[in-house]
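A closer look at the structure
The chain contents come next:
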Amino acid sequence: MEKSEEGSSPGFTFCGPAVQYWHGEYESMPENVVMEFLIEPLQLEFYEQIIALWRQTSGLCVSASDSREGLQSYLERNANCSFMALSPDRRTLWGTLQAGHDRRSGYFYHLAVAGTERRRGIGSALVAAATEALRQQGLTYIHLLVETDNPEAVGFWRRIGFDRRDDLVVLSRHLPPE
């Protein structure tokens with residue numbers, strides 16, 4: 001990976017069967033470790049693969065706000081919070097996690113891992129990278145929404161330490177364009 005410019009978030013490289021990570025440069029990795037996947041900040045140059053992955057992911061709703069312009073605006077408002085998993089050659093997108101905040105709490109959206117790449121630690125690695133990014137911005141809580149008919153997703157989030165909240169009700173209002 002190229003050296004990160006000052007002020008930008010370094011990428012994460014996840015390696016080996018134990019899924020370890022290093023901040024910064026590839027040369028800091030031991031030579032005997034075989035790279036399995038890369039975790040990097042979410043980049044619009046992968047938009048076509050991102051939207052295709054989201055559309056293929058059960059339980060993930062793609063909406064008008066997920067347009068290229070919508071995603072670009074989200075990433076600008078929440079710089080260095082969202083991540084993607086790539087194949088070692090950086091050609092294939094294997095996963096995404098959109099993360100952002102309102103300066104009080106962090107929020108996770110669109111965790112998606114390609115079906116052929118699941119159960120390899122990619123989802124957990126994306127969550128670890130985004131959690132650290134939000135922690136570095138001083139946030140102490142992260143919230144997310146999971147559809148009630150997606151027990152696999154609920155199980156994943158519970159396994160990695162998220163608690164189900166039964167004391168809240170989510171209310172929504174659609175704002176149609178004028």
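Computed from a prediction, not measured in an experiment: that's the story for all the values here. (Residues numbered from 1 in each chain as written. Predicted model: local features only at pLDDT ≥ 70, side-chain atom pairs only at ≥ 80, totals over all residues. Heavy atoms only, no water.)

Helices and strands together make up the secondary structure of the protein chain, namely 4 helices and 7 strands. Secondary structure elements of the protein chain, listed N to C terminal, follow the sequence β-β-β-α-α-β-β-β-α-β-α. Within the protein chain, the fraction of its 178 residues that count as buried is 38%. Within the protein chain, contacts between residues at least 6 apart in sequence are counted, and of these 56% link residues at least 24 apart. Accessible surface computed for the protein chain: about 11400 Å², of which carbon and sulfur atoms make up 49%. (Helix = DSSP H or I, 4+ residues; strand = E, 2+ residues; numbered from the N terminus. Buried < 20%, exposed > 50% of the residue type's maximum accessible area, 1.4 Å probe, protein only. Contact = heavy atoms within 4.5 Å. Areas by Shrake-Rupley, 256 points an atom, 1.4 Å probe, with all protein chains shown as cover.)

Okay, helix α1 (residues 47-56) next. Buried within α1 we find Tyr-47, Ile-50, Ile-51, Leu-53 and Trp-54. Viewed end-on, α1 has its buried residues packed into an arc of 160°, placing them on one side of the element. Along α1, exposed side chains directed more than 90 degrees from the buried face belong to Glu-48, Arg-55 and Gln-56. Of the surrounding secondary structure, the elements contacted by the buried residues of α1 are α2 (68-77), β5 (93-101) and β6 (106-113). (Arc of directions from axis to C-beta.)

Take the nonpolar core next. Taken as a class, soluble globular proteins show a tendency for nonpolar side chains to be buried jointly. Residues Ile-39, Phe-83, Phe-108, Ile-122, Leu-126, Val-127 and Trp-157 are the most contacted members of the largest nonpolar core, which totals 23 residues. Ranked by residues supplied to this core, first place goes to helix α3 (residues 122-136) with 8 residues. Apart from the residues within four sequence positions on either side, Trp-157 is in contact with Phe-108, Leu-111, Val-127, Leu-144, Val-146 and Phe-162. Grouped together as the second largest cluster of nonpolar side chains are 17 residues, Tyr-47, Ile-51, Tyr-74 and Leu-75 included. (Core = buried A, V, L, I, M, F, W, Y, C linked by side-chain atoms within 4.5 Å.)

Another aspect to go through is the side chain of Ser-105. Its location among the elements puts Ser-105 in the loop between β5 and β6. In this structure the side chain of Ser-105 is engaged in a polar contact, spanning 3.4 Å, whose partner is the side chain of His-143. Apart from the residues within four sequence positions on either side, Ser-105 is in contact with Gly-100, Leu-139, Tyr-141 and His-143. (Polar contact = N/O pair within 3.5 Å; in protein donor to acceptor, adjacent residues only side chain to side chain.)

Below, the discussion takes up the pairing of β5. With 8 of its 9 residues buried, β5 lies for the most part within the structure. Pairing of strand β4 (residues 83-86) with β5, which is carried by 4 bridges, proceeds in the antiparallel orientation. In the strand pairing of β5, Phe-83 is matched with Leu-97. In this antiparallel pair of consecutive strands, β4 and β5, the connection spans 6 residues, and Arg-90 shows a positive phi of 65°. Bridge count between β5 and β6: 6 bridges; the pairing is antiparallel. Across the sheet, residue Thr-96 finds its bridge partner in β6, namely Ala-112. Between β5 and β6, which pair antiparallel one after the other, the connecting turn spans 4 residues, and Arg-103 there sits at a positive phi close to 75°. (Pairing = 2+ DSSP bridges.)

Our next topic: the pattern of salt bridges. With the rule as written, the count across this model stands at 6 salt bridges. Here Glu-48 ties to Arg-68 by a salt bridge, and the two come within 2.8 Å at their closest N and O atoms. With Glu-48 in helix α1 and Arg-68 in helix α2, this pair connects stretches of sequence that are 20 residues apart. Residue Arg-68 is classed as partly exposed on the basis of its relative accessible area of 33%. Here Arg-120 makes a salt bridge to Glu-117, at a shortest N to O gap of 2.3 Å. Judged by its relative accessible area of 25%, Arg-120 is partly exposed. The buried category is assigned to Glu-117, whose relative accessible area is 14%. (Salt bridge = Lys/Arg side-chain N within 4 Å of Asp/Glu carboxyl O.)

Positioned with a positive phi, Arg-103 is a non-glycine residue whose angle comes to about 75°. As for its placement among the helices and strands, Arg-103 is situated in the loop between β5 and β6. In the Ramachandran plot, His-110 falls in the positive-phi region, its phi being about 55° despite a non-glycine side chain. Relative to the helices and strands, His-110 is located in strand β6. Residue classification places His-110 among the buried positions, given a relative accessible area of 16%.

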